Amino acid sequence: LDQAATKTATTYFLYTDGSLASNGFAGAAWILVKHGLIPWEIIGKGSCNLGLKQDVFSAEAHAVLEGLRFFSSLKPNLTITGLIICCDNQPLLHSLATGNLDNQECPRQILLLASSLSSHSINSIWTPAHRDIPGNDTVDLDAKAATRTSTLCPHTFITRKYLLEKAKTKLL
């Protein structure tokens, strides 16, 4: 990751995390940073409580989508050439890399938004959790804290997995 950061100061890094608390609430967090002469410059960040209808995969996907939405809202800037999505959820990265073969809604929205940003190079990298990677550690703490907030995110998707689990409990 350090090598990627030193190649160009015009590449932004989007760190994301999804968390599932013991009370069943899911949280999502993202932080967009620019690496450069100082260790990093925070461009924007966000977190939200996703309620009881999400799993870790969906929470991570939600964080990527929210961070990508923020990135796409930045004023066009010729010095921004790329974005590296730093994510510790390998199944999500695999889903995005293979074109979302399971046709899940949030990854589908991520791929649609990413395709609309064709003027930027968008890549992803797996960042192992709890390995002293500052951006990853920041979003890990923020996602966990988001599970304890009282306001639920208005942009939460109801997942197919949640609906299937609810249907199963109704049938049993």
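Residues numbered from 1 in each chain as written. Predicted model: local features only at pLDDT ≥ 70, side-chain atom pairs only at ≥ 80, totals over all residues. Heavy atoms only, no water.

Draft legend 1. Spotlight on the sheet that holds strand S1 (residues 11-20). Reading across the sheet, the 5 strands line up as S3-S2-S1-S4-S5 and stay open at both edges, with mixed pairing between neighbours. Lying at the two open borders of the sheet, with one neighbouring strand each, are strand S3 (41-51) and strand S5 (121-126). Each strand axis lies, on average, 15 degrees off the axis of its neighbour in the sheet, ignoring direction. Taken strand by strand, helix H3 (residues 90-97) contacts strand S4 (82-87) and S5, and its axis lies near 145 degrees from that of S5. (Pairing = 2+ DSSP bridges. Helix = DSSP H or I, 4+ residues; strand = E, 2+ residues; numbered from the N terminus. Axes fitted to C-alpha atoms, helices over the stretch in contact; angles between N-to-C directions. Contact = heavy atoms within 4.5 Å.)

Draft legend 2. Quick peek at the nonpolar core. With 21 residues, the main nonpolar core has Leu32, Phe71, Leu83, Leu92 and Ile110 as its most contacted residues. Those elements that place two or more of their residues in this core are S1, strand S2 (26-34), helix H2 (56-73), S4, H3 and helix H4 (105-116). Top element by residues in this core is H2. It accounts for 6 residues. In this structure Leu92 touches Phe57, Glu60, Ala61, Val64, Cys87 and Pro107, once residues within four positions along its chain are discounted. Counting residues in each nonpolar core, the second largest holds 10 residues, with Tyr15, Ile84, Cys86 and Val139 among its members. (Core = buried A, V, L, I, M, F, W, Y, C linked by side-chain atoms within 4.5 Å. Buried < 20%, exposed > 50% of the residue type's maximum accessible area, 1.4 Å probe, protein only.)

Draft legend 3. Spotlight on the packing of H2 against H3. In the contact formed by H2 and H3, the axes pass within 9 Å of each other and the chain directions differ by 60 degrees. Here H2 is positioned oblique relative to H3, judged by the angle of their axes. For the pair H2 and H3, the sense of crossing is right-handed. Contact residues: H2 offers Phe57, Glu60, Ala61 and Val64, while H3 offers Pro91, Leu92 and Ser95. (Parallel < 35°, antiparallel > 145°, perpendicular 65-115°, else oblique. Left-handed = near helix turned anticlockwise from the far one by under 90°.)

Draft legend 4. Representation of the layout of surface pockets in the model. What the largest pocket holds in volume is close to 270 Å³. Residue lining of the largest pocket: 16 residues in total, with Ser58, Gln104, Thr159, Arg160 and Lys161 positioned closest to the centre. Elements represented by at least two residues in the lining of the largest pocket include exactly H2, H4 and helix H6 (160-171). Taken together, the residues of the lining of the largest pocket break down into 5 nonpolar, 6 polar and 5 charged. (1 Å grid on protein atoms, 1.4 Å probe; cavity = no way out; pocket = protein on both sides within 12 Å on 5 of 7 lines; lining within 4 Å. Points joined across faces, edges and corners; volume = space filled by probe spheres on them. Nonpolar A, V, L, I, M, F, W, Y, C, P; charged D, E, K, R; others polar.)

Draft legend 5. Broad picture of the side chain of Asp17. In this fold, Asp17 is placed in strand S1. Not counting chain neighbours up to four residues away, the residues in contact with Asp17 comprise Gly27, Ala28, Ala29, Ala59, Glu60, Ala63, Asp88, Val139, Asp140 and Ala143.

Draft legend 6. Representation of helix H5 (residues 134-146) in the model. Between its first and last C-alpha atoms H5 spans 18 Å; for 13 residues at 1.5 Å apiece the expected length is 18 Å, and the two agree. For H5, the complete set of buried residues consists of Gly135, Asn136, Val139, Asp140, Asp142, Ala143 and Ala146. Buried residues belonging to H5 abut S1, S2 and S3. (Expected span 1.5 Å × (residues − 1).)

Draft legend 7. Structural view of the packing of aromatic side chains. Per the counting criterion, the structure on display carries 2 aromatic pairs. When the centroid spacing of 6.2 Å and the interplanar angle of 70 degrees are considered together, the rings of Tyr12 and Phe71 count as edge-to-face. Remark: Phe71 occurs in helix H2 and Tyr12 occurs in strand S1; sequence separation between them is 59 residues. The pair Tyr12 / Phe71 is uniform in exposure class, with both members buried. Note on Trp30 and Phe70: the rings are 5.1 Å apart at their centroids and 35 degrees apart in plane angle, and the pair reads as tilted. Here the residue Trp30 occupies a position in strand S2, and Phe70 occupies one in helix H2, the gap between them amounting to 40 residues. Given a relative accessible area of 8%, Trp30 falls into the buried group. (Phe/Tyr/Trp six-rings, centres within 6.5 Å; stacked < 30°, edge-to-face > 60°.)

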